[in-house]
Amino acid sequence: MTTDLESFRPPPGGWTTDHLDLLPEDGHRRELLDGVLLMSLRGRTHQSIAALLMVALDEDCPDGYDVTQGVEVRINRTRSFIPDVLVTTATAAAREPSRYEPHEVVLAVEIVSPSTRSIDRVLKPALYAQAGIPFH
């Protein structure tokens, strides 16, 4: 357990997207908020809601856009979020990215979780808007 905790000790100066790239793919959802690492696991209900919303959006999505879920949006070196559902340009989606840039995202959706209510309802909408990303 100590080894696991050691690997998540904040680097000097805080976490950056370069540090995120070095972390293992282990099912944890990792986001950055001004150099602070946020980690969470999404439950079945949360994921089911995201899937249903994604399907509904995809059915009505106009040509030129793509609907997906759980893909990272890198806002800058110390801010990186993973919206539950997002709509991007079809051009951006065609390159099959592992992450998107803010200008490629036309809609970001966060499903409010009890454990991250303030982040999902208050903080993320403001930060998405600051990056020019419409949020719902």
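Here goes a summary of the coordinates provided. (Residues numbered from 1 in each chain as written. Predicted model: local features only at pLDDT ≥ 70, side-chain atom pairs only at ≥ 80, totals over all residues. Heavy atoms only, no water.)

### Some points on helix α5 (residues 117–130)
Taking 1.5 Å per residue, 14 residues should reach 20 Å; α5 reaches 20 Å between its end C-alpha atoms and fits that length. By the burial criterion, the buried members of α5 are Asp 120, Lys 124, Pro 125, Leu 127 and Tyr 128. Buried residues along α5 sit in contact with β1 (29–33), β5 (79–81) and β8 (105–109). In the stretch just after α5, Gly 132 is the one whose phi turns positive, near 85°. (Helix = DSSP H or I, 4+ residues; strand = E, 2+ residues; numbered from the N terminus. Expected span 1.5 Å × (residues − 1). Buried < 20%, exposed > 50% of the residue type's maximum accessible area, 1.4 Å probe, protein only. Contact = heavy atoms within 4.5 Å.)

### A short note on the pattern of salt bridges
Counted by the stated rule, this structure contains eleven salt bridges. As a salt-bridge pair, Arg 30 and Asp 26 come within 2.8 Å of each other at their nearest N and O atoms. (Salt bridge = Lys/Arg side-chain N within 4 Å of Asp/Glu carboxyl O.)

### Examining the pairing of strand β2 (residues 36–40)
Side-chain direction in a regular strand flips from residue to residue, so the side chains alternate between the two faces of the sheet. The sheet contact formed by β1 and β2 spans five bridges and is antiparallel. Paired with Leu 33 across the bridge in β2 is Val 36. Linking two consecutive strands that pair antiparallel, namely β1 and β2, is a turn of two residues; a positive phi of about 50° is found at Asp 34 within it. (Pairing = 2+ DSSP bridges.)

### Overview of the side chain of Arg 74
Mapped onto the fold, Arg 74 is located in strand β4 (residues 72–76). Within the structure, Arg 74 has its side chain in polar contact with the backbone oxygen of Thr 17 (distance 3.4 Å). A polar atom in the side chain of Arg 74 sits 2.6 Å from the side chain of Glu 72. Leaving out residues up to four positions away in the same chain, Arg 74 has contacts with Thr 17, Leu 20, Asp 21, Arg 79, Ser 80, Arg 99, Tyr 100, Glu 101 and Pro 102. (Polar contact = N/O pair within 3.5 Å; in protein donor to acceptor, adjacent residues only side chain to side chain.)

### Some details on the packing of aromatic side chains
A full pass over the atoms with the stated rule returns one aromatic pair. With 5.6 Å between their ring centres and 70° between their planes, Phe 81 and Tyr 128 make a pair best called edge-to-face. Pair noted here: Phe 81 is in strand β5 and Tyr 128 is in helix α5, with a separation of 47 residues, a long-range link. By the burial criterion, Phe 81 is buried, and Tyr 128 matches it. (Phe/Tyr/Trp six-rings, centres within 6.5 Å; stacked < 30°, edge-to-face > 60°.)

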